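# Report on the structure
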Amino acid sequence: MTTNDPSSHFVDIRQATKCFTAPEGGMITALDGVSLNVGANEFVTLLGPSGCGKTTLLRAISGFEELDVGEIFIDGQPMADNPPHRRPVNTVFQNYALFPHLSVGDNVGYSLDVAHVAKKERNARVVNTLDLVGLSGLERRKPSQLSGGQQQRVALARAVINQPKLLLLDEPLSALDRKLRQAMQLELKTLQNELGISFVFVTHDQEEALTMSDRIVVMNGGRIQQIGTPTEIYDRPDNTFVANIVGESKLFEAAVVEIANGLARVKTDTGMYLTVESDRVRHGDKVTVLIRPEHLQIQSGGPTERPSISGTLQQSVFVGTDFQLIANLPDGGVLKAVIRDSARDAVVGLASGMELSFQYLPSSMHVILSKSPV
Ligand SMILES: Nc1ncnc2c1ncn2[C@@H]1O[C@H](COP(=O)(O)OP(=O)(O)OP(=O)(O)O)[C@@H](O)[C@H]1O
Ligand SMILES: [Mg+2]
């Protein structure tokens, strides 16, 4: 979902800026002119390194942090004068924050009890919500009698039972082991579809961001680096920071030295030549060329038409679904190629020290035009 129609912006964040006074002296700019919108029923993920402002942005949306500059609208309403409990928003935290002395049912029903919802309706909604998160029948357990994944589901159930229009999730899966995390990623996405509400999800795990999101917002140093769908962020990063945060990247700093027949020849700062598509570049442009390991191939047969990069094989590692080849480049750099297991014929018989030619399609080389400051 990448619409620019303002009426579909369920959340509209304009120029959000927040500074903190550091106890050790000086100011920290946690958010620096962040503008972002979230559509109705959209799953948006904030991705970025520790300290880049993700939690601060969530806290500003939920009303626990006041902005220095900027505005936040939810469902068309300005939020500045609305305290947290008057916003149609709930938050799920990393550490679940369940009440240990209350049963699962009472944890989930807590907000309905506070709102004095009639017992019958309250109980029905608790049962339905536990069903939604796959915890039917566990109402009477205490949190300590549940696994980490089950506790996280209780936290989710508690956050959605009062039907918020927007759910904020601050690294909710980071305490879970890898397998459970992957299962929960899919469940969360399904849950979001079933509820039909907007999610703003925070993570510093790129796989999580790519798997679940309609759009990813890459942040660094309190600023948005890029907003895009997972494929836009992965295939066409706007700058080297974004290129490095998702997937594995080999980046070459280079200058365009020749353009002919829709292709540009670039010379890297270390003296290598690469071929890229020329539609976005002009002669003399300084560029950064990004290549992903899966875009390289090795051919066991004769020469091909494709451009290639030569390298000396350092090691070949079988990792189940594919082979990872690590090669040393003439410029002293290291190149990684991922060869699918289905192309294993090309890999059989390779040995360390062999000279290899890594072929690529010019269209698979992504060109980053300006070296944006990060
Ligand atoms: N109350 C506060 N007082 C002072 N500095 C703060 C405060 N809250 C956050 N910061 C600072 O603001 C910056 C952004 O913090 P924030 O918690 O938003 O980062 P984050 O992206 O959520 O990081 P993480 O991935 O580690 O959770 C950090 O430099 C942090 O130290
Ligand atoms: Mg945080």
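This is a predicted model, so every value here is computed, not measured. (Residues numbered from 1 in each chain as written. Chains lettered and ligands numbered in written order. Predicted model: local features only at pLDDT ≥ 70, side-chain atom pairs only at ≥ 80, totals over all residues. Heavy atoms only, no water.)

## With respect to the overall build of the protein
The condition is simple: The way it works is that DSSP assigns letters per residue, a run of H or I at least four long becomes a helix, a run of E at least two long becomes a strand, and they are numbered from the N terminus. Relative accessibility decides the category of a residue: with a 1.4 Å probe and only protein chains considered, values under 20% of the type maximum give buried, values over 50% give exposed, and everything between is partly exposed. By the convention used here, residues are in contact when the closest approach between their heavy atoms is within 4.5 Å. Calculation of accessible area relied on Shrake-Rupley with a 1.4 Å probe; when residues are assessed, cover is drawn exclusively from the protein chains displayed. His is not counted here, nor are the chain ends, while Lys and Arg score as positive and Asp and Glu score as negative. Charged groups are reduced to one reference atom each: NZ for lysine, CZ for arginine, CG for aspartic acid, CD for glutamic acid.
In terms of helices and strands, the protein carries eight helices and 20 strands. Burial statistics for the protein: of 374 residues in total, 47% are counted as buried. By sequence separation, contacts in the protein at least 24 residues apart represent 65% of the contacts at least 6 residues apart. Accessible area for the protein stands at about 18,200 Å²; split by element, carbon and sulfur atoms hold 49% of it. Separation of charge centres in the protein, based on 35 positive and 42 negative side chains, amounts to 4 Å.

## Let's talk about the packing of helix α4 (residues 148-160) against helix α5 (residues 178-195)
When two helices pack together, their arrangement is given by the angle between the helix axes and the distance between those axes. As a reminder, the rule being used: Under this scheme, a helix contributes an axis fitted over its contacting stretch, all axes are lines through C-alpha atoms, and angles between N-to-C directions fall in the 0 to 180 degree range. In these notes the angle categories are as follows: under 35 degrees is roughly parallel, over 145 is roughly antiparallel, 65 to 115 is roughly perpendicular, and the rest is oblique. Less than a right angle of anticlockwise turn of the near helix away from the far helix marks a crossing as left-handed, whereas a clockwise turn marks it as right-handed. Only Asp, Glu, Lys and Arg are considered charged, only Ala, Val, Leu, Ile, Met, Phe, Trp, Tyr, Cys and Pro nonpolar, and every remaining residue, Gly among them, polar.
Interaxial distance between α4 and α5 falls to 12 Å at its minimum, and their mutual angle equals 15 degrees. Taken as axis vectors, α4 and α5 run roughly parallel relative to one another. Crossing handedness for the pair α4 and α5: right-handed. Facing α4, whose interface residues are G149, Q152, R153, L156 and V160, α5 presents L180, M184, E187, L188, L191 and L195. Along the lines of polarity and charge, the residues of the contact of α4 with α5 split into seven nonpolar, two polar and two charged.

## Structural notes on the site of ligand 1
How we decide: Consider each residue's heavy atoms; a residue with any of them within 4 Å of a molecule or strand counts as near. Definition of a polar contact: a pair of N or O atoms within 3.5 Å, with one able to donate and the other able to accept a hydrogen when the atoms are protein atoms, and with sequence-neighbouring residues admitted only if both atoms are side-chain atoms.
Near ligand 1 there are 13 residues, and of these S50, G51, K54, T55 and T56 occur at the shortest range. Separating an oxygen atom of ligand 1 from a backbone N or O atom of C52 is a distance of 3.2 Å. At a separation of 3.0 Å, an oxygen atom of ligand 1 approaches a polar backbone atom of G53. Coverage of ligand 1 by the protein amounts to 63% of the 640 Å² it exposes when considered alone. With three residues, the top contributor of residues to the shell around ligand 1 is helix α1 (residues 54-62). Here the shell around ligand 1 is composed, by residue class, of five nonpolar, six polar and two charged.

## Focus on the packing of aromatic side chains
To keep it simple, the criterion reads: When the centres of two rings from Phe, Tyr and Trp lie within 6.5 Å, Trp using its six-membered ring, the rings pair. Their planes under 30 degrees apart give stacked, over 60 give edge-to-face, and anything left gives tilted.
According to the stated counting rule, one finds four aromatic pairs in the structure shown. Considering the side-chain rings of F318 and F323, the 4.9 Å spacing of their centres and the 40 degrees angle between planes classify their relative orientation as tilted. A residue is classified by how much of its surface remains accessible, and F318, at 43% relative accessible area, is partly exposed. Residue classification places F323 among the buried residues on the basis of a relative accessible area of 11%.

## With respect to the pairing of strand β10 (residues 223-228)
For a regular strand, side chains alternate in direction, first toward one face of the sheet and then toward the other. What counts here: Two strands qualify as a pair provided that DSSP identifies no fewer than 2 bridges between them.
Taken together, the five bridges between strand β9 (residues 215-220) and β10 define a ladder with antiparallel strand orientation. Residue pairing for β10: M219 is matched across the bridge by I224. With antiparallel pairing between neighbouring strands as the criterion, β9 and β10 make up a hairpin whose turn holds two residues, including G221 at a positive phi of roughly 55 degrees.

## Some remarks on the side chain of Q226
The residue Q226 is located in strand β10 in this model. Assessed through its relative accessible area of 7%, Q226 is described here as buried. In this structure the side chain of Q226 is engaged in a polar contact, spanning 3.2 Å, whose partner is the backbone oxygen of R236. Non-local contacts of Q226, meaning those with residues more than four positions away in its chain, are made with I216, V217, V218, E232, I233, R236, P237, D238 and V242.

## Quick notes on α4
Basically, it comes down to this: To estimate how far a helix should reach, multiply one less than its number of residues by 1.5 Å.
With 13 residues, α4 should cover 18 Å at 1.5 Å per step; its first-to-last C-alpha distance of 19 Å lies within 8% of that length. Taking burial as the measure, the 13 residues of α4 include eleven buried ones, the bulk of the element. Taken together, the buried positions of α4 are G149, Q151, Q152, R153, V154, A155, L156, A157, R158, A159 and V160. Where α4 is buried, its residues touch β6 (89-92), α2 (104-114), α3 (119-132), β7 (166-170) and α5.

## Topic: the sheet that holds strand β15 (residues 297-298)
Reading across the sheet, the five strands line up as β15-β19-β16-β17-β18 and stay open at both edges, with antiparallel pairing between neighbours. One side of each edge strand has no neighbouring strand; the edge strands of this open sheet are β15 and β18 (334-340). Pairing analysis gives six bridges linking strand β16 (residues 308-318) to strand β17 (residues 322-328), with the strands arranged antiparallel. Considered in β17, the bridge of V317 is made with Q324.

## Points about the sheet that holds β6
Pairing is mixed in the open sheet, where six strands are placed in the order β6-β7-β8-β3-β9-β10. A strand with exactly one partner marks an edge of an open sheet, and here the two such strands are β6 and β10. Each neighbouring strand pair of the sheet contributes to a mean axis angle of 20 degrees, computed without reference to strand direction. Here five bridges tie strand β3 (residues 43-47) to strand β8 (residues 198-203), and the two strands are oriented parallel to one another. Paired with F43 across the strands is F199, a residue of β8.

## A word on the domain arrangement of the protein
Rules: Here the bounds of each domain stem from an automatic or database domain assignment. The term buried area means the drop in 1.4 Å probe accessible area that two parts suffer when joined, counted for both and summed.
Along its sequence, the protein is carved into domain 1 (6-244) and domain 2 (248-368). Domain 1 and domain 2 are separated by 39 Å when their C-alpha centres are compared. Listed per partner, the contact involves ten residues of domain 1 and eight residues of domain 2. Summing both partners gives a buried area of about 730 Å² for domain 1 against domain 2, and 52% of it is carried by carbon and sulfur. On the domain 1 side of the interface with domain 2, the three residues burying the most area are Y234, T240 and A243, jointly 57% of the side's total. For the pair domain 1 and domain 2, the interface holds five residue pairs in polar contact (both at pLDDT 80 or more). Residue assignment for the side of domain 1 that touches domain 2 shows that the elements contributing at least two residues are α7 (230-235) and α8 (240-245). For the side of domain 1 that touches domain 2, the class distribution of residues is four nonpolar, three polar and three charged.

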